[in-house]
Amino acid sequence: MSSLSTSVSKRLITTSTLLVRPLRQQLASAFLLLATVAGTTAQAQAPVDSLKNQFQRYALHGLHEKLFLHVDRPTYLCGEVLWFKVYAVDGTYHKPLPMSQVAYIEVLDKAQRPVLQSKIPLQQSVGQGSFLLPTSLASGTYTVRAYTSWMKNFSPDFYYQTSVTVLNPAAASSQSTAKDTLAYDIQFFPEGGNLVRNINSKVGFKIADRKGRSLDAEGSVLNEKGVVVARFRSLKFGLGSFSFTPELAGTNYTASVKLPNGRLLTRRLPAVAEQGMVLHLEEGAADELTIRVSAMGTGQITEPVFLLGHARQKVTVVASAALNNGQALFQVKKQDLPDGISHFTLFNSRQQPVCERLYFRRPTHLLRISATTDKREYSTRDKVRLQLGTATPSLAVAPASLSVAVFRQDSLSTTPSTDILSYLWLTSDIKGTIENPGYYLTSPDADARQAADNLMLTQGWSRFRWADVQAAKAPAFEFLPELSGHLIRGRVVNRTTGAPVPNVHAYLTSPNRQGRLFSAVSQADGSVVFEVKEFYGAKDLVIQPNQLMDSTSRIEILNPYSVSYPSAAAPYAPLPLTVRFKDAITQRYLQTQLQKSYFKGYNNHYTFPAVDTLLYTGKPDEHYNLDEFIRFPTMEDIMREYVPGVALRRRKDGFHFLVIDAPRKTVFAANPLVLLDGVPVFSINKIMTLDPLKVQKLDVFTRHYFVGQLMFDGLVSYTTYKGDLAGFPLNSNVLMQEYEGLQYQREFYAPSYEAAQDQASRLPDFRTLLYWNPNVMTSTTGNKPLEFFTSDQAGKYLVVVQGLAADGAAGSTSLTIEVKPTPKS
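As a starting point, this report considers the structure included with it. Bear in mind the structure is a predicted one, so any value in this text is a computation, not a measurement.

Conventions and cut-offs
- Residues numbered from 1 in each chain as written.
- Predicted model: local features only at pLDDT ≥ 70, side-chain atom pairs only at ≥ 80, totals over all residues.
- Heavy atoms only, no water.
- Helix = DSSP H or I, 4+ residues; strand = E, 2+ residues; numbered from the N terminus.
- Buried < 20%, exposed > 50% of the residue type's maximum accessible area, 1.4 Å probe, protein only.
- Contact = heavy atoms within 4.5 Å.
- Areas by Shrake-Rupley, 256 points an atom, 1.4 Å probe, with all protein chains shown as cover.
- Pairing = 2+ DSSP bridges.
- Axes fitted to C-alpha atoms, helices over the stretch in contact; angles between N-to-C directions.
- Polar contact = N/O pair within 3.5 Å; in protein donor to acceptor, adjacent residues only side chain to side chain.
- Core = buried A, V, L, I, M, F, W, Y, C linked by side-chain atoms within 4.5 Å.
- Expected span 1.5 Å × (residues − 1).
- Salt bridge = Lys/Arg side-chain N within 4 Å of Asp/Glu carboxyl O.

**A word on the overall build of the chain**
Then, number 1: Counting its secondary structure elements, the chain contains eleven helices and 49 strands.
Then, number 2: Residue burial in the chain is summarised as follows: out of 825 residues, 54% are buried.
Then, number 3: Considering only intrachain contacts with a sequence separation of at least 6, the fraction spanning at least 24 residues in the chain is 71%.
Then, number 4: Taken as a whole, the chain presents about 36500 Å² of accessible surface, with 50% of it coming from carbon and sulfur.

This is how it looks when you write it as structure tokens:
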């Protein structure tokens with residue numbers, strides 16, 4: 001087992017008997033200890049218990065993580081900075097989840113190719129970062145997505161993603177204004193999944209163009225004879241539903257759809273089955289749901305059926321019923337259902353899933369954020385005083401982690417990003433694009449409940465395959481959670497054949513004066529994992545196998561970013577690149593360039609994390625600063641004259657180091673581990689050729705030395721003046737590769753106009769983002785005061801606040817302030 005395995009084991013499980021199990025079994029057992037399962041709502045028979053147990057067993061093996069990003073604004077110009085805060089929560093209760101220590105953030109173009117990538121450190125389930133948008137980016141809609149290493153074990157549809165618009169002024173007047181000739185996306189979804197002959201069925205529909213923009217429409221359903229059997233009209237956001245009874249199996253039903261522009265389109269409905277089951281959900285009494293099952297076909301009208309309800313890995317409903325003349329009825333109390341999306345899955349007598357239906361219950365445990373300013377109108381370079389308060393239904397004053405952005409609303413602004421509340425409770429559990437998700441959670445509109453049900457009909461889905469749930473073996477996870485630091489994954493392969501090589505001791509380091517060395521042992525598939533802590537910025541990595549044990553292998557580093565992409569793209573945001581926006585784009589571009597000219601240096605200020613400056617190797621038993629000694633011309637002279645803890649011997653095969661084993665008062669028989677700037681050197685003959693004038697210091701450990709779980713007979717460590725190997729040649733099977741570590745935290749700059757001379761400064765201030773603060777913490781003592789200054793840009797500004805409490809209550813709010821030009825004196 002590698003050193004990483006031991007680290008993961010200690011973090012997840014304290015039971016000593018579990019420490020000897022394979023790592024994947026340890027993770028599964030750990031999640032079993034972490035997860036909780038809700039009680040059932042009905043006493044079930046054995047088949048239902050079997051289904052429930054299968055689901056619980058599957059859920060306990062895979063803790064679900066969710067990330068949410070608060071992106072500072074929806075529209076950018078090339079050269080501006082995109083700021084964001086990361087919130088990490090568990091997928092069941094949406095409470096802050098301090099499991100993963102690294103989040104992966106990417107900006108993808110329309111072809112889902114990454115144009116920007118970064119690794120963001122997470123501390124106590126939050127993190128922050130930024131991207132300086134290159135001036136080479138083309139104008140377009142880009143997707144910002146976020147995930148963790150653990151989330152890579154699941155579908156990329158569960159990664160966080162949102163859309164932002166990036167404008168390049170060079171393309172502002174080249175956008176084609178040709179008439180939109182896009183095709184249309186019209187889909188029909190039978191309730192429960194099936195259309196069965198002679199069973200009345202509800203059908204949801206979704207109408208949009210190919211860019212995901214919803215279209216309101218109306219139409220009718222016709223049979224093969226052209227007779228209208230149903231009519232429909234979209235209710236909200238291109239979604240709607242209708243009911244009809246298909247007559248014969250194999251009959252083709254066609255929908256005729258009339259678009260707002262008067263265009264008529266025809267689409268076929270899903271095929272009608274000869275036999276099968278149909279599930280129908282309806283809200284009866286105020287506190288109850290009725291789920292009706294109808295069956296058609298030989299042997300199906302009297303068989304038992306089973307209903308399993310679950311929400312975010314919790315079983316909430318288990319029930320069974322016998323079909324009576326092809327009919328069965330289930331009653332479910334709403335109070336037994338959790339907030340958010342519940343899945344109802346129907347199983348036949350053979351425990352095969354045959355229907356699924358989703359139901360949405362508005363969340364009630366919300367974070368209420370109050371945001372007030374001292375004024376509604378401000379002059380330029382004026383101080384804004386903002387007061388923030390947070391509360392939950394159970395606490396009048398609830399501590400919460402918040403992020404705040406204040407940006408100018410201009411004609412270039414596009415649709416804002418999803419808020420944290422609607423994302424956690426709705427968007428993250430639904431496949432595809434949801435237009436205005438906040439509507440379903442907060443709108444008082446009388447149609448909101450029906451609109452939410454249409455959404456469940458048309459875009460509901462499961463996070464898993466039931467075949468996997470009912471499989472006898474536990475799921476295997478390729479990607480480990482990053483519990484203590486970034487995991488660098490690699491593979492050991494034969495240099496000639498490329499075949500994976502197991503049981504090879506591998507070493508990774510970044511040449512430096514602290515001598516940070518990491519080790520791993522390759523698994524059966526050749527994979528190695530190095531857990532590196534405090535690994536920030538771009539570094540040169542040196543990765544190699546133990547040259548004495550294996551000289552025929554090489555190590556390759558794997559891409560740490562996900563190469564999986566969802567089938568549905570992020571929401572489309574139309575680009576404001578028409579002629580009427582040309583002046584606004586040109587003005588903002590000029591203002592951005594002026595801002596960069598006068599304040600360019602402020603975009604490159606970073607906060608550097610506190611890193612242990614002690615030698616990573618530990619405190620040596622012998623330390624030699626060679627500048628304090630007479631300089632000898634060869635390394636052999638230095639080792640013989642200065643270093644009593646190491647006996648230098650010359651044999652037939654060359655030089656050997658014999659380190660004194662001080663605790664046992666003897667001498668080690670084997671060569672020690674030898675490091676040069678943290679890089680292992682396995683040939684004593686080679687290290688003896690090193691020019692001693694390039695070496696500043698020498699450290700010796702006269703005892704056993706451990707790297708992970710590998711033990712060495714002492715350590716001899718050389719450090720050059722710059723920690724860069726000083727031109728020392730490496731073996732041909734050593735990989736040296738530049739690698740980007742965790743992102744340093746860029747500081748947000750906002751000028752202060754407190755002093756009169758600053759108010760009178762002639763330096764222009766054309767900021768459109770007045771304020772960004774991802775680290776606002778409210779407490780039980782009352783409101784949180786914040787202050788910032790307006791710029792020279794008059795206009796309306798939007799204040800957006802997102803937040804999360806420790807108990808999982810999420811919320812957001814916004815308000816508008818206006819900045820008016822300061823009257824000239």
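Back to the write-up after that little detour.
**A word on the sheet that holds strand β28 (residues 505–509)**
Then, number 1: The antiparallel open sheet is built from four strands, whose spatial order is β29-β28-β31-β44. Edge positions in the sheet fall to β29 (517–521) and β44 (735–740), since each has one partner strand and no second. The mean inter-strand angle of the sheet, taken between neighbouring strand axes irrespective of direction, is 25°.
Then, number 2: Here five bridges tie β28 to β29, and the two strands are oriented antiparallel to one another. Looking at β29, one finds that Ala506 is bridged to Ala520.

**Here's the deal with the side chain of Ser401**
Then, number 1: Along the chain, Ser401 turns up in strand β26 (residues 400–409).
Then, number 2: A relative accessible area of 12% places Ser401 in the buried class.
Then, number 3: A polar side-chain atom of Ser401 sits 2.7 Å from a polar atom in the side chain of Lys85.
Then, number 4: If near-sequence neighbours (up to four positions away) are discounted, Ser401 is found in contact with Lys85, Tyr87, Val126, Val776, Met777, Gln802, Gly803 and Leu804.

**Digging into the nonpolar core**
Then, number 1: By size, the foremost hydrophobic cluster in this structure holds 58 residues, and its most contacted members are Leu69, Leu82, Phe84, Ile105, Leu426 and Tyr440.
Then, number 2: Per-element accounting of this core gives the leading share, six residues, to strand β3 (residues 81–90).
Then, number 3: With 30 residues, the next largest nonpolar core counts Phe668, Val681, Ile684 and Phe728 among its residues.

**Some points on the pairing of strand β43 (residues 715–720)**
For a regular strand, side chains alternate in direction, first toward one face of the sheet and then toward the other.
Then, number 1: Extensive coverage of β43 is indicated by the burial of six of its six residues.
Then, number 2: Along β43, one buried face is formed by Leu715, Ser717 and Thr719 and the opposite face, lined by Val716, Tyr718 and Thr720, is buried too.
Then, number 3: As defined by bridge partners, strand β40 (residues 695–701) adjoins β43 across six bridges and the pair is classed as antiparallel. Bridge pairing in β43 places Lys697 opposite Thr719.

**Examining the pairing of strand β25 (residues 383–391)**
Then, number 1: The element β25 is largely enclosed, with a buried count of seven among its nine residues.
Then, number 2: Here six bridges tie strand β23 (residues 368–373) to β25, and the two strands are oriented antiparallel to one another. When the sheet's bridge partners are listed, Ala371 is paired in β25 with Leu388.
Then, number 3: Pairing between β25 and strand β47 (residues 784–789): six bridges, direction antiparallel.

**Some details on helix α3 (residues 46–61)**
Then, number 1: Taking 1.5 Å of rise per residue, the 16 residues of α3 would be expected to cover 22 Å, and the 23 Å separating its terminal C-alpha atoms lies within 8% of that figure.
Then, number 2: Buried within α3 we find Val48, Leu51, Lys52, Gln54, Phe55, Gln56, Tyr58, Ala59, Leu60 and His61.

**Remarks on the environment of Ser155**
Then, number 1: Among the secondary structure elements, Ser155 is positioned in the loop between β7 (140–147) and β8 (160–167).
Then, number 2: Linking Ser155 and Tyr565, residues 410 residues apart in sequence, is a C-alpha distance of 8.3 Å.
Then, number 3: Within the local environment of Ser155, its side chain forms a polar contact with the side chain of Asp157, the two groups lying 2.9 Å apart.

**What to know about the environment of Gln313**
Then, number 1: Mapped onto the fold, Gln313 is located in the loop between β18 (304–311) and β19 (314–322).
Then, number 2: Considering only alpha carbons, one finds Gln313 and His64, 249 residues apart in sequence, at a separation of 8.4 Å.
Then, number 3: Residues within four places of Gln313 in sequence aside, it is in contact with Phe55, Ala59, Gly62, Leu63, His64 and Thr92.

**So, the pattern of salt bridges**
Working definition: two side chains of opposite charge can pair if their charged atoms are close together.
Then, number 1: Enumeration over the complete set of coordinates arrives at 29 salt bridges.
Then, number 2: Among the ionic pairs, Arg385 bridges to Glu787, the shortest N-O distance being 3.9 Å. Here Arg385, found in strand β25, pairs with Glu787, found in strand β47; they are 402 residues apart in sequence, far enough to count as distant.
Then, number 3: When its relative accessible area of 40% is taken as the criterion, Arg385 is described as partly exposed.
Then, number 4: The exposure class of Glu787 is partly exposed, given its relative accessible area of 47%.
Then, number 5: Measuring nitrogen to oxygen at the nearest pair gives 2.9 Å for the salt bridge that ties Asp765 to Arg767.
Then, number 6: Taking the relative accessible area as the measure of exposure, Arg767 reaches 6% and is therefore buried.
Then, number 7: The network of salt bridges with shared partners includes Asp374, Lys383, Arg385, Glu754 and Glu787.

**A closer look at the sheet that holds strand β37 (residues 666–667)**
Then, number 1: The three strands are arranged β35-β36-β37 in an open sheet whose pairing can be described as antiparallel. Of all strands in the sheet, those with a lone pairing partner are β35 (646–651) and β37, marking the two edges.
Then, number 2: As judged from the six bridges shared by β35 and strand β36 (residues 654–661), these two strands associate in the antiparallel manner. Within β36, the position partnered with Val646 by the bridge is Val659.
Then, number 3: Relative to β35, helix α9 (residues 635–642) is tilted by about 135°, and along the sheet it contacts β35 and β36.

Take it as geometry only, folks, not as evidence of what the structure does.
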